[in-house]
Amino acid sequence: MKKRLNPADRLIVALDVPTAPEALHWVRRLKKCGVTRFKVGSELFTAAGPEIVKKINAKGGRVFLDMKYFDIPNTMAGAVRQAAKLKPFLINVHALAGPRAMRECAKALKKAGGGAKLIAVTILTSFDAAELEKANIKAPTQKTVVNLTRAALDSGLAGVVASSEEIAKLRQRFGEKFLVGTPGVRPAWAAKNDQVRTATPLKAIKDGADYIVVGRPILSARRPADAAKKIIEEIETASG
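This text gives an overview of the structure that appears in the document.

Quick notes on the overall build of the protein chain
Then, in step 1: Each helix and strand in the protein chain was counted, giving 11 helices and eight strands.
Then, in step 2: In terms of principal-axis extent, the alpha carbons of the protein chain reach across some 45 × 35 × 35 Å.
Then, in step 3: Counting all 240 residues of the protein chain, 52% fall into the buried class.
Then, in step 4: Look at the contacts in the protein chain between residues 6 or more apart in sequence, and 70% of them connect residues 24 or more apart.
Then, in step 5: A total accessible area of about 11,500 Å² is found for the protein chain, and carbon and sulfur atoms account for 50% of it.
Then, in step 6: Charge centroids of the protein chain, computed over 42 positive and 22 negative side chains, lie 6 Å from each other.

So, in structure tokens, the structure goes:
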């Protein structure tokens, strides 16, 4: 049974910034308005290394380590094993790496311990059908996401990353016991930027997302703390 989350804990702020000092500035600033969970992705991790995760942990934040590992099974399992040592609450791999790789990663995480959950990226929210076809993925986007989710859950993962357009279908097909993280979330008052399959926080949570990932609508806002508070209020409304 999944633990019921507080509204503020369902917001993950994407720290897509180039330096550790800038990331830690945002952690300090946003914690004051109730934000506790932060995404560390490729840009920040490449710039600041594993220490940034430890520093966010030390400040009371919890980290979603968004590295989207995608390689041969042995290499992915090794990466997950090392990631677990940093004590994030979420780690992700890419579902397109295949069932064998996902199974190996799930085994590696279970053996490593640390309490992190392993989830799989399905199709990035920057992709539309035309872009997928160029990548030689010709099945409809929703069908592809459903198939990748089935593979991830059958491989022992705790959940997936999927856009709001697919959540309702995933809940209908696979139930409520797995985690869904939804990136590309854009409040009605924010620009879409390079995201294609987007939704408001209200819609994403109502559709069944456990976590929503929001970056630029908060970090680029004139009043970032107010923007975060508005999103948390939207999550609370959607949560009933």
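The rest of the description comes next.
Here's the deal with the sheet that holds strand β4 (residues 90-94)
Then, in step 1: One closed barrel holds the eight strands; their spatial order is β1-β2-β3-β4-β5-β6-β7-β8, and the pairing between them is parallel. When the angles between neighbouring strand axes are averaged without regard to direction, this sheet yields 25°.
Then, in step 2: Pairing analysis gives four bridges linking strand β2 (residues 37-40) to strand β3 (residues 62-69), with the strands arranged parallel. Each residue of the ladder has a partner; that of F38, found in β3, is V63.

As for the packing of helix α7 (residues 141-154) against helix α8 (residues 164-174)
Then, in step 1: With their axes 10 Å apart at the nearest point, α7 and α8 run at an angle of 50° to one another. Judged on the interaxial angle alone, α8 and α7 are oblique. For the crossing formed where α7 meets α8, the hand is right-handed. Judged by residue contacts, T141, Q142, V145, V146, T149, R150 and L153 of α7 engage E165, E166, K169, L170, R173 and F174 from α8.
Then, in step 2: The residue inventory of the contact of α7 with α8, partitioned by class, reads five nonpolar, three polar and five charged.

Comments concerning the packing of helix α4 (residues 73-84) against helix α5 (residues 99-112)
Then, in step 1: Packing of α4 against α5 leaves a shortest axis separation of 8 Å and a crossing angle of 30°. Classified by the angle their axes make, α4 and α5 are roughly parallel. Judged by the sense of rotation from one axis to the other, the crossing of α4 with α5 is right-handed. In contact with P73, M76, A77, V80, R81 and A84 of α4, α5 contributes R100, A101, E104, C105, A108, L109 and A112.

As for the pairing of β2
Then, in step 1: The alternating pattern of β2 places R37 and K39 on one face and F38 and V40 on the opposite face, and all of these are buried.
Then, in step 2: Across three bridges, strand β1 (residues 11-14) lies against β2 in parallel orientation. Bridging across to β2, V13 finds its partner in F38.
Then, in step 3: Traced from β1 through helix α1 (residues 20-31) to β2, the parallel crossover comes out right-handed.

Here we look at α5
Then, in step 1: The end-to-end C-alpha separation of α5 is 20 Å, in line with the 20 Å expected for 14 residues at 1.5 Å each.
Then, in step 2: Along α5, the positions that sit buried rather than exposed are A101, M102, C105, A106, A108 and L109. For α5, the arc enclosing every buried residue in end-on projection is 165°, short of the 170-degree limit, so these residues lie on one face. Exposed positions of α5 whose direction lies more than 90 degrees from the buried face are R100, K107, K110 and K111.

Procedures and definitions
Residues numbered from 1 in each chain as written. Predicted model: local features only at pLDDT ≥ 70, side-chain atom pairs only at ≥ 80, totals over all residues. Heavy atoms only, no water. Helix = DSSP H or I, 4+ residues; strand = E, 2+ residues; numbered from the N terminus. Buried < 20%, exposed > 50% of the residue type's maximum accessible area, 1.4 Å probe, protein only. Contact = heavy atoms within 4.5 Å. Areas by Shrake-Rupley, 256 points an atom, 1.4 Å probe, with all protein chains shown as cover. Lys, Arg positive; Asp, Glu negative; His and termini not counted. Charge placed at Lys NZ, Arg CZ, Asp CG, Glu CD. Pairing = 2+ DSSP bridges. Axes fitted to C-alpha atoms, helices over the stretch in contact; angles between N-to-C directions. Parallel < 35°, antiparallel > 145°, perpendicular 65-115°, else oblique. Left-handed = near helix turned anticlockwise from the far one by under 90°. Nonpolar A, V, L, I, M, F, W, Y, C, P; charged D, E, K, R; others polar. Right-handed = clockwise from strand over helix to strand, strands pointing away. Expected span 1.5 Å × (residues − 1). Arc of directions from axis to C-beta.

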